[in-house]
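# Structural overview for review
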Amino acid sequence: MNKLMILTFMLISAITACDAKPVQAPAEESNAVQPTAQVVVVTVEVTAVPTQAPPTPLSFDTPEAIPTQVPATQEPATQEPATTAEPVSSGAQSASGSFNIAASLNGGVFENISASDNSFSLRCSPREISFDLYATDIYITQVDLYYRIRDKHSNFIPGWSRAAALETDGGNHFWLTYSGESVKPDNRIDPGWFDFEFIGMNKYGDVVGRTKKIEGLVTYTINCP
């Protein structure tokens, strides 16, 4: 009897368990507080790498001043004298002896120009000629003699050559003795007119003034007549 009751009770319990609905978990309330997302800011330092070197800054240094005058580096004889004069007549040149140059030929910077003779030669007497003059410009510290020898039987006009610098007393007096042998071989013509000119320069070598061309007054020869 007891066993029967126990079995019956167990059967009823099993049936009851099968009919029971599953219990659902209660839904979460809609008003539940949602967690707030936090924004994290991360600062990243980036070093810029230049793609090319910066341009070289321009220089604005002030250029050196250019001199307005350049001292002459060539001898004045390389060009014709600026002042010209008509050839002086040689009509009264038969007699030898010293003579004075006309004041109209002194160029305004010289005075008392004289020559010791009206002829000189390579092989015959007189074989030298002396010049004497005074400078009227206080800036003239050196005087050079330039010459050319023109063939008396030709119309050809040669160029000028430098003979020498005159001697000086350190003041305004200048003089020079020039020999027939000192004439450059290529310039020797027999007979020829020994044309000459005096050029005055300052202590820097710049031309201050010059005489006019003194022509047809002195004869140059190579051999004796």
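Only a predicted model underlies this, so the values are computations on that prediction, with no experimental measurement involved. (Residues numbered from 1 in each chain as written. Predicted model: local features only at pLDDT ≥ 70, side-chain atom pairs only at ≥ 80, totals over all residues. Heavy atoms only, no water.)

Moving on: the overall build of the protein chain. Counting its secondary structure elements, the protein chain contains 1 helix and 11 strands. From first element to last, N terminus to C terminus, the protein chain shows the α and β order α-β-β-β-β-β-β-β-β-β-β-β. Counting across all 225 residues of the protein chain, residues that qualify as buried make up 31%. Long-range pairs, those at least 24 residues apart, make up 66% of the contacts in the protein chain between residues at least 6 apart in sequence. Accessible area of the protein chain: about 16,400 Å², with a carbon and sulfur share of 55%. (Helix = DSSP H or I, 4+ residues; strand = E, 2+ residues; numbered from the N terminus. Buried < 20%, exposed > 50% of the residue type's maximum accessible area, 1.4 Å probe, protein only. Contact = heavy atoms within 4.5 Å. Areas by Shrake-Rupley, 256 points an atom, 1.4 Å probe, with all protein chains shown as cover.)

As a further point, take the nonpolar core. Grouped together as the largest cluster of nonpolar side chains are 33 residues, with contacts concentrated most on Phe110, Tyr178, Phe194, Phe196 and Phe198. In this view, phenylalanine 198 contacts Phe110, Ile113, Phe131, Leu133, Val143, Asp144, Leu145, Leu166, Gly209, Arg210 and Thr211; residues no more than four positions away in its chain are not counted. (Core = buried A, V, L, I, M, F, W, Y, C linked by side-chain atoms within 4.5 Å.)

Residue proline 126 is reached from serine 125 by a cis peptide bond, and omega for that bond is -5°. With respect to the helices and strands, proline 126 occurs in the loop between strand 3 (119-121) and strand 4 (128-135). The phi angle at asparagine 112 is positive, at roughly 55°, despite the residue not being glycine. Position of asparagine 112 among the secondary structure elements: in strand 2 (residues 110-115). Residue classification places asparagine 112 among the exposed residues on the basis of a relative accessible area of 55%.

Attention now goes to the state of the cysteines. Under the defined criterion, the tally for this structure stands at 1 disulfide. The side chain of cysteine 124 participates in a disulfide bridge whose partner is cysteine 224; the two sulfur atoms lie 1.6 Å from each other. Negative torsions about the S-S bond denote left-handed disulfides, and the value of about -120° found for cysteine 124 with cysteine 224 makes this one left-handed. Remark: cysteine 224 occurs in the segment after strand 11 (219-221) and cysteine 124 occurs in the loop between strand 3 and strand 4; sequence separation between them is 100 residues. (Disulfide = S-S within 2.5 Å.)

One pass over the structure, following the stated rule, counts 9 aromatic pairs. Summarising the aromatic geometry, the rings of phenylalanine 120 and phenylalanine 194 are spaced 5.0 Å apart at their centres and angled 85° between planes, so their arrangement reads as edge-to-face. Of this pair, phenylalanine 120 sits in strand 3 while phenylalanine 194 sits in strand 9 (residues 192-201), and the two are 74 residues apart along the sequence. Here the two residues phenylalanine 120 and phenylalanine 194 agree in accessibility, since each one is buried. Ring centres of phenylalanine 131 and phenylalanine 196 lie 4.9 Å apart, and the angle between their planes is 50°; this geometry places the pair in the tilted category. Note that phenylalanine 131 is positioned in strand 4 and phenylalanine 196 in strand 9, a separation of 65 residues in sequence. Both residues of the pair, phenylalanine 131 and phenylalanine 196, belong to the buried class. (Phe/Tyr/Trp six-rings, centres within 6.5 Å; stacked < 30°, edge-to-face > 60°.)

Now for a nonpolar patch on the surface. On the surface, a cluster of nonpolar side chains totalling about 350 Å² of accessible area is made up of Ile138, Tyr139 and Val208. With respect to the helices and strands, the residue valine 208 is situated in strand 10 (residues 207-210). (Patch = residues over 30% accessible without salt bridge, like charges linked within 9 Å, V, L, I, M, F, W, Y side chains within 5 Å. Salt bridge = Lys/Arg side-chain N within 4 Å of Asp/Glu carboxyl O.)

Our next topic: the confidence of the model for the protein chain. Predicted coordinates in regions of low pLDDT should not be interpreted in detail. Averaged over all residues, the pLDDT of the protein chain equals 75, while 58% of them reach at least 70. Note on residues 53-94: pLDDT is under 50 here. Beyond four places in sequence and across chains, it has 42 contacts. (pLDDT = per-residue confidence, 0-100.)

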